[in-house]
Amino acid sequence: MSAVLIFSVFLLAIAISLPIGISMILGATAPIALLHQGGTMGQLLHNAFSGANSTPILAVPLFILGGVIMAKGGISRKLFDFFAFFAGRFTGGLPCAVILTCLFYGAISGSGPATTAAVGAMCVPFLTELGYDRTWSAGLVAVAGGLGVIIPPSIPFVLYSLATGVSTGKLFLAGILPGFLVGLALMAYAVIYCLHRGEDKAKVQERMAELSRRGFWKLLKESLWALLCPVIVLGGIYTGFTTPTEAAAVSVFYALLVSLFLYHTMTVRDILPLLRESVHTYGGLAFVLAFATAFGRVLSMTRATRVVESFILGNFTSGIAVLTVLVVFFLLLGMVMDTGPAIIILVPVLLPACKKLGIDPVHLGVVLVSCLSIGLATPPFGLDLFVAGNIANQQPMRVAKKSVPFLCAFLVALLGITYIPWLSTWLPSLW
């Protein structure tokens with residue numbers, strides 16, 4: 001009864017458009033107030049504060065701040081020019097260079113919307129000038145921006161680690177091969193589109209001639225510091241020199257150093273507004289993270305997790321069947337709920353049953369984050385659609401229509417990620 005009450009109140013609150021954090025508070029307090037189960041209000045508040053008082057949680061705002069600084073520092077332009085130098089000579093090469101830029105920028109920002117905003121602000125106008133359809137270009141960036149939450153360092157992976165206790169380092173490693181698989185699938189469609197629709201070869205060749213005149217070594221010199229960022233951050237984690245939280249702090253100082261003193265794309269005056277932007281981005285999520293702990297404790301005390309576990313084990317006998325259902329569920333969930341809240345609320349409830357059915361927790365994390373990253377570019381509430389639509393001056397639904405083929409390519413990659421666990425577990429097994 002308590003479990004039904006918790007989820008009923010929580011879902012009803014979401015249905016009437018209350019914020020996720022408020023919905024969790026209402027769901028958590030319902031059994032306490034109405035059934036006198038799940039502890040006391042004092043325990044609820046204590047659990048909320050203890051949930052926020054965590055060193056690993058500091059990695060989230062620090063990665064957000066590092067990504068904001070990199071965006072201001074114009075890192076996406078450096079990366080794009082480097083990849084365009086190699087890919088631009090081929091059919092569909094420049095759209096592929098945009099996808100590669102999203103792939104590597106995701107290794108800097110850890111966020112889908114941040115990747116979409118930073119890469120899209122530069123690439124959508126650029127592709128439009130070269131004759132590519134503006135709305136199609138926005139759809140490309142909206143979907144490719146989702147790579148920002150799969151490629152490490154990934155903020156959703158940090159949240160998954162906080163919710164489950166799974167190693168953040170292993171999750172970061174697990175996202176590498178799936179991220180590149182998604183990138184390859186998106187590039188395959190981009191090439192097919194350009195072969196079918198054609199390109200303005202004269203404009204493309206003119207752009208490539210400009211890059212050629214600058215020369216490979218100059219482009220490498222300009223982009224080297226941006227390319228080194230994920231190497232330094234991830235290298236620190238896997239060599240044992242830094243923890244993930246310390247690596248997040250390193251990413252902030254590295255981003256400041258590169259933007260202020262090497263690229264000269266920022267001034268000291270820009271730092272305070274960037275701090276404000278980061279706090280604004282993280283503020284709502286911090287509230288959700290704090291009360292997610294309290295929500296989870298109430299679920300545990302009312303045995304709601306056991307009810308969910310019993311239901312799954314009583315109706316499914318194989319991990320593959322459960323993964324299939326969860327993929328469909330999280331694809332739908334991603335349409336209406338942001339990645340972070342979906343992970344910290346639902347994963348602790350689902351993980352015990354999944355582990356008993358033989359699903360590797362690291363593999364499960366990669367699959368669920370991949371599903372939710374698709375939701376970032378899926379209507380009605382896909383955040384990347386709104387970001388890309390704003391950049392292209394197009395309605396989000398128009399961008400969504402153009403993004404459908406890219407989403408289909410993403411789904412093909414998701415099938416491989418879901419049913420070939422080796423893609424997610426091989427690299428972590430080596431660490």
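Procedures and definitions
Residues numbered from 1 in each chain as written. Predicted model: local features only at pLDDT ≥ 70, side-chain atom pairs only at ≥ 80, totals over all residues. Heavy atoms only, no water. Core = buried A, V, L, I, M, F, W, Y, C linked by side-chain atoms within 4.5 Å. Buried < 20%, exposed > 50% of the residue type's maximum accessible area, 1.4 Å probe, protein only. Contact = heavy atoms within 4.5 Å. Helix = DSSP H or I, 4+ residues; strand = E, 2+ residues; numbered from the N terminus. Expected span 1.5 Å × (residues − 1). Salt bridge = Lys/Arg side-chain N within 4 Å of Asp/Glu carboxyl O. Axes fitted to C-alpha atoms, helices over the stretch in contact; angles between N-to-C directions. Parallel < 35°, antiparallel > 145°, perpendicular 65-115°, else oblique. Left-handed = near helix turned anticlockwise from the far one by under 90°. Nonpolar A, V, L, I, M, F, W, Y, C, P; charged D, E, K, R; others polar. Patch = residues over 30% accessible without salt bridge, like charges linked within 9 Å, V, L, I, M, F, W, Y side chains within 5 Å. Areas by Shrake-Rupley, 256 points an atom, 1.4 Å probe, with all protein chains shown as cover. Lys, Arg positive; Asp, Glu negative; His and termini not counted. Charge placed at Lys NZ, Arg CZ, Asp CG, Glu CD. Phe/Tyr/Trp six-rings, centres within 6.5 Å; stacked < 30°, edge-to-face > 60°.

## Notes on the nonpolar core
When a protein is soluble and globular, its nonpolar side chains tend to lie buried together.
Working step 1: Among the nonpolar cores identified, the biggest contains 145 residues, and Ile75, Phe80, Leu94, Phe330 and Leu364 are the most heavily contacted of them.
Working step 2: In this view, Phe80 contacts Leu94, Ala97, Val98, Thr101, Met122, Cys123 and Phe126; residues no more than four positions away in its chain are not counted.

## Remarks on the environment of Leu147
Working step 1: For Leu147, the location among the structural elements is in the loop between α8 (134-144) and α9 (155-164).
Working step 2: Considering only alpha carbons, one finds Leu147 and Val182, 35 residues apart in sequence, at a separation of 7.7 Å.
Working step 3: Those residues in contact with Leu147, other than ones at most four positions away along the chain, are Ile99, Cys102, Leu103, Gly179, Val182 and Gly183.

## Examining helix α19 (residues 361-375)
Working step 1: Under the 1.5 Å per step criterion, the end-to-end length of α19 is 21 Å for 15 residues, consistent within 8% with the ideal 21 Å.
Working step 2: Taking burial as the measure, the 15 residues of α19 include 15 buried ones, the bulk of the element.

## Digging into the pattern of salt bridges
Working step 1: For the structure on display, the rule yields 3 salt bridges.
Working step 2: In this structure, Glu210 engages Arg207 in a salt bridge whose closest nitrogen and oxygen atoms are separated by 3.3 Å. Separated by 3 residues within a single helix, Glu210 and Arg207 lie in helix α12 (residues 201-214), roughly one turn from each other.
Working step 3: On the basis of relative accessible area, Glu210 is assigned to the partly exposed category, the value being 33%.
Working step 4: Members of the salt-bridge network, linked through shared partners, are Asp81, Arg207, Glu210 and Arg214.

## Points about the packing of helix α6 (residues 93-109) against helix α11 (residues 176-197)
Working step 1: Direction vectors running N to C along α6 and α11 enclose 165°, while the axes themselves pass 9 Å from each other. For the element pair α6 / α11, the angle class is roughly antiparallel. Of the two possible hands of crossing, α6 and α11 adopt the one that is right-handed. Of the residues in α11, those in contact with Pro95, Cys96, Ile99, Leu100 and Leu103 of α6 are Gly179, Phe180, Gly183, Leu186, Met187, Ala190, Val191 and Cys194.
Working step 2: Split into classes, the residues belonging to the contact of α6 with α11 amount to 11 nonpolar, 2 polar and no charged.

## Considerations on the side chain of Thr101
Working step 1: Relative to the elements of secondary structure, Thr101 occurs in helix α6.
Working step 2: Given a relative accessible area of 0%, Thr101 falls into the buried group.
Working step 3: Leaving out residues up to four positions away in the same chain, Thr101 has contacts with Ser76, Leu79, Phe80, Phe83 and Val119.

## Details of a positive patch on the surface
Working step 1: On the surface, Arg197, Arg398, Lys401 and Lys402 cluster together to form a positively charged patch.
Working step 2: Here the positive patch gets 3 residues from one element, more than from any other, and that element is helix α21 (residues 396-419).
Working step 3: Assignment of secondary structure puts Lys402 in helix α21.
Working step 4: Assessed through its relative accessible area of 31%, Lys402 is described here as partly exposed.

## A look at the packing of aromatic side chains
Working step 1: Tallied over the entire structure, the rule returns 17 aromatic pairs.
Working step 2: Ring centres 5.5 Å apart and planes at 45° place the aromatic pair Trp136 and Phe406 in the tilted group. Of this pair, Trp136 sits in helix α8 while Phe406 sits in helix α21, placing them 270 residues apart in sequence. Residues Trp136 and Phe406 agree in their burial class; the two are buried.
Working step 3: Between the aromatic rings of Trp422 and Trp426, the centroid separation amounts to 5.6 Å while the plane-to-plane angle is 25°, which identifies the pairing as stacked. You can see Trp422 and its partner Trp426 sitting in helix α22 (residues 422-430), 4 residues apart, about one turn around the helix.

## Here we look at a nonpolar patch on the surface
Working step 1: Judged by side-chain polarity, Ile320, Leu415, Tyr419, Ile420, Trp422, Trp426 and Leu430 come together as a nonpolar surface patch covering roughly 750 Å² of accessible area.
Working step 2: Of all elements in the fold, only α21 and α22 reach the threshold of two or more residues within the nonpolar patch.
Working step 3: Tallying contributions element by element places α22 first for the nonpolar patch, with 3 residues.
Working step 4: Its location among the elements puts Ile420 in the loop between α21 and α22.

## Things to note about unusual backbone geometry
Excluding glycine, residues mostly carry a negative phi; peptide bonds, for their part, are mostly trans.
Working step 1: The residue after Pro152, namely Pro153, is reached through a cis peptide bond having omega -5°.
Working step 2: Inspection of the secondary structure assignment puts Pro153 in the loop between α8 and α9.
Working step 3: Positive phi outside glycine occurs at His264, with the angle close to 55°.
Working step 4: Following the sequence through the fold, His264 ends up in the loop between α14 (244-262) and α15 (271-301).
Working step 5: Taking relative accessible area as the criterion, His264 reaches 59% and is therefore assigned exposed.
Working step 6: Although it is not a glycine, Asn393 sits at a positive phi angle of roughly 55°.
Working step 7: Here Asn393 shows up in the loop between α20 (383-392) and α21.
Working step 8: The class of Asn393 is exposed, set by a relative accessible area of 66%.

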